[in-house]
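# Commentary on secondary and tertiary structure
What follows is each chain in one-letter form.
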Amino acid sequence: MKYIIAVIRPHKLEEVKRELEKNEIHLMTVVDVLGCGRQKGVTEVYRGVTEVDNLLRKVKLEIAVNDEYLDKAIAAIMKAAPEGDIGDGKIFIFDMAECIRIRTGEKGNLAIG
Amino acid sequence: MINAADTVWMLIATALVMMMTPTLGFFYGGLVRKKNILSVLMQCMVILAVVSIQWVLIGYTLAFGPDKGGIIGGLEFAFLNGVGLAPLEGQTIPHQLFVCFQMMFAVITPALIVGAFAERIKFSGFLLFTILWSTLIYDPMAHWVWASGGWLFSMGALDFAGGTVIHITAGISALVFSILIGKRRGNGTSSSPHNLPFAVLGAAFLWFGWFGFNAGSALGVKGQTVSAFLNTNTAAAGAAVTWMILDWFVHKTPTALGVITGIVAGLVAITPAAGFVTPMASIAIGAGGSLLGFIFVSYVKKKLGYDDSLDVFGVHGIAGIWGALATGLFASKEIGGTDGLFYGNPHQLWVQFVTVVVAIVFSAVGTYILYKICDLILGMRVDARDENIGLDLTQHHESAYTLVD
């Protein structure tokens, strides 16, 4: 079992979601986040006071998958998320110790799907 | 002779109409994505300021200055020269108050178009376009229909509060503009309204402001004022109910966005007819505006594929055309002094039809030319990066909402 965290551009969310669904990955958690990487932020000015803010809006996807779905999930994100410029985001992959469906108490592979 | 009661009512009506432009900003602002709400609010506030100045410098005299050949007002009132407190002939309010009341109409008309190019317009291009459009499209159109001596006015065109001058010109210009500027990126996948409560609040206060808009267009306190007031409310109500029922039957669920869209369609439809028809007719006019708006927003737009972001054409253009024609059907001598087709005067419908066609052609061609000029000088559309990040940050270096403090 793997846990995937992907940080992507906000306007790419719909495309990525569609691509994941095409690959039968329907379960995910989505959060609005601010992040900073190598992409420069946008300068904000309030009443003449400039604030160089290097935190940019991103969307974070969190997806739990069984091992056989890992490559499909990564391929889907890699296909839909990039624009080819700095700021396309990152994918982090973790080994997952356990997964439990609260309603039934099912554990492991059964609980993910 | 100045009448105190008329003057008091018109001062209030003017303030009510002023409020409609920022209110429209919230109506539109709630419907865009959260990265663009400030840009829409900003455009509405700036139009309020810029067109107010344009109006006292040159706009008023082009629209209501002494008539030159039925085509345009002369420059006699430029910079409000000689415009004092003494009422105009046939009026009972100070001349300057008439200037103010008409100013608010000149302000809200270009603001309506904001909904067509929302989420992808360059601010500088928008500003130049607005100034040119107000001066070269709105001012002549207002003269033709409303000023004594204007050629459509002389033909006997009925437009009580601006169905043709305001809603058809804005609606058609919006359609042409949205085609020329092109679709938003990713349109249809991620452009759902980010704050419907703002949009509901906007619609509520538009309804409120519309009492000033329509009942104020009687230019005083008389029978027509009250007729217009009642008709405005009744048409908005009829339209809201109609859209709700259509939503329920066709899309299986009644929606808040549907009801507020219906309200605006009904208010638009009754605008040209408000002081000319009976309350029963106003239900039909409101319902008709809603039905036609529904068809255009739900089906025609999808089919033709233009991206009129917030349905300025579908709601204002279409309901405006319907309202102008419906005035020629339902007008009754008892209410406003002129009969329409249903009261045995088919000629009125013909006059209304001609007026509608003129408004459509003039605003479509005019907007096309002005767009091309502004696009050449300043550029009208932001680049892909700016559009993706949002207009708030890229055009104004501000953001409406923070994620962390």
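About the cut-offs
- Residues numbered from 1 in each chain as written.
- Chains lettered and ligands numbered in written order.
- Predicted model: local features only at pLDDT ≥ 70, side-chain atom pairs only at ≥ 80, totals over all residues.
- Heavy atoms only, no water.
- Buried < 20%, exposed > 50% of the residue type's maximum accessible area, 1.4 Å probe, protein only.
- Helix = DSSP H or I, 4+ residues; strand = E, 2+ residues; numbered from the N terminus.
- Pairing = 2+ DSSP bridges.
- 1 Å grid on protein atoms, 1.4 Å probe; cavity = no way out; pocket = protein on both sides within 12 Å on 5 of 7 lines; lining within 4 Å.
- Points joined across faces, edges and corners; volume = space filled by probe spheres on them.
- Nonpolar A, V, L, I, M, F, W, Y, C, P; charged D, E, K, R; others polar.
- Phe/Tyr/Trp six-rings, centres within 6.5 Å; stacked < 30°, edge-to-face > 60°.
- Contact = heavy atoms within 4.5 Å.
- Buried area = accessible area lost by both parts, 1.4 Å probe.
- Salt bridge = Lys/Arg side-chain N within 4 Å of Asp/Glu carboxyl O.
- Polar contact = N/O pair within 3.5 Å; in protein donor to acceptor, adjacent residues only side chain to side chain.
- pLDDT = per-residue confidence, 0-100.
- Expected span 1.5 Å × (residues − 1).

All names here are of chain A. Of all the seven residues making up strand E1 (residues 2–8), six are buried; the element is thus mostly covered by neighbouring parts of the structure. In this structure, E1 lies alongside strand E5 (residues 56–65), joined through seven bridges in antiparallel fashion. Residue pairing for E5: Ile5 is matched across the bridge by Glu62. Across six bridges, E1 lies against strand E6 (residues 90–95) in antiparallel orientation. Across the sheet, residue Ile5 finds its bridge partner in E6, namely Phe92.

All right, on to the pairing of E5(A) then. Residue and element names in this part refer to chain A. Of all the ten residues making up E5, seven are buried; the element is thus mostly covered by neighbouring parts of the structure. Relative to E5, strand E2 (residues 29–35) is paired through seven bridges, and the arrangement is antiparallel. When the sheet's bridge partners are listed, Val33 is paired in E5 with Lys58.

This part takes up the layout of surface pockets. Estimated volume of the largest pocket: approximately 1200 Å³. Lining the largest pocket are 41 residues, with A:Pro10, A:Arg57, B:Lys35, B:Asn388 and B:Ile389 sitting closest to its centre. Secondary-structure elements contributing two or more residues to the lining of the largest pocket are helix H1 (13–22), E2, strand E3 (43–46) and E5 of chain A together with helix H14 (384–389) and helix H15 (391–396) of chain B. Split into classes, the residues belonging to the lining of the largest pocket amount to 17 nonpolar, eight polar and 16 charged.

Looking now at the packing of aromatic side chains. Aromatic rings in a pair are described by how distant their centres are and how their planes are angled relative to each other. Residue and element names in this part refer to chain B. Enumeration over the complete set of coordinates arrives at 28 aromatic pairs over all chains. Ring centres 5.9 Å apart and planes at 65° place the aromatic pair Phe117 and Phe126 in the edge-to-face group. For the pair Phe117 and Phe126, one class covers both residues: buried. Ring plane angle 85° and centroid distance 5.1 Å describe the contact between Phe330 and Phe342, whose orientation is recorded as edge-to-face. On the criterion of sequence distance, the pair formed by Phe330 in helix H11 (residues 312–330) and Phe342 in the loop between helix H12 (333–336) and helix H13 (346–377) is long-range, its members being twelve residues apart. Judged by relative accessible area, which is 15%, Phe330 ranks as buried. Following the ring pairs from residue to residue traces out a cluster consisting of Phe117, Phe123, Phe126, Phe129, Phe177 and Tyr371.

Moving on, we come to the environment of A:Ala111. Looking at the element boundaries, A:Ala111 is found in helix H3 (residues 109–112). As for A:Ala111 and A:Arg38, which are separated by 73 residues in sequence, their C-alpha atoms are 37 Å apart.

For the rest of this paragraph, the subject is the side chain of B:Thr164. Residue and element names in this part refer to chain B. Structurally, the position occupied by Thr164 is in helix H6 (residues 163–181). Using a relative accessible area of 1% as the deciding quantity, one classes Thr164 as buried. Discounting residues that sit within four places of it in the chain, Thr164 has contacts with Met141, Asp159, Thr169, Ala324, Thr355 and Ala359.

What follows covers the interface of chain B and chain A. Chain B puts 15 residues into the contact, and the matching count from chain A is 13 residues. For the pairing of chain B and chain A, the buried interface totals around 1200 Å² over both sides, and the portion due to carbon and sulfur atoms is 56%. For the interface between chain B and chain A, the tally reads one salt bridge. Note that A:Asp32 is salt-bridged to B:Lys34, the shortest N-O span being 2.8 Å. Here chain B and chain A share four residue pairs in polar contact (both at pLDDT 80 or more) between them. Broken down by element, the side of chain B that touches chain A gets its largest block of residues, three residues, from H14(B). Residue composition of the side of chain B that touches chain A, by class: five nonpolar, six polar and four charged.

Here we come to the confidence of the model for chain B. Across chain B, pLDDT averages 95, with 99% of residues at or above 70. Two numbers describe this predicted complex: its pTM, 0.93, and its ipTM, 0.83.

With that settled, consider the environment of A:Asn23. Residues and elements named next belong to chain A. Following the sequence through the fold, Asn23 ends up in the loop between H1 and E2. Between the C-alpha atom of Asn23 and that of Gly48, which follows or precedes it by 25 residues, the distance is 49 Å. In this structure, Asn23 is in contact with Tyr69, Lys72 and Ala76, ignoring residues within four places of it in sequence. Here the side chain of Asn23 touches Glu19 through a polar contact of 2.9 Å, landing on its backbone oxygen.

Taking 1.5 Å of rise per residue, 32 residues should cover 46 Å, and H13(B) covers 47 Å from first to last C-alpha, within 8% of that figure. Phi turns positive, to about 85°, at B:Gly379, one or two residues after H13(B).

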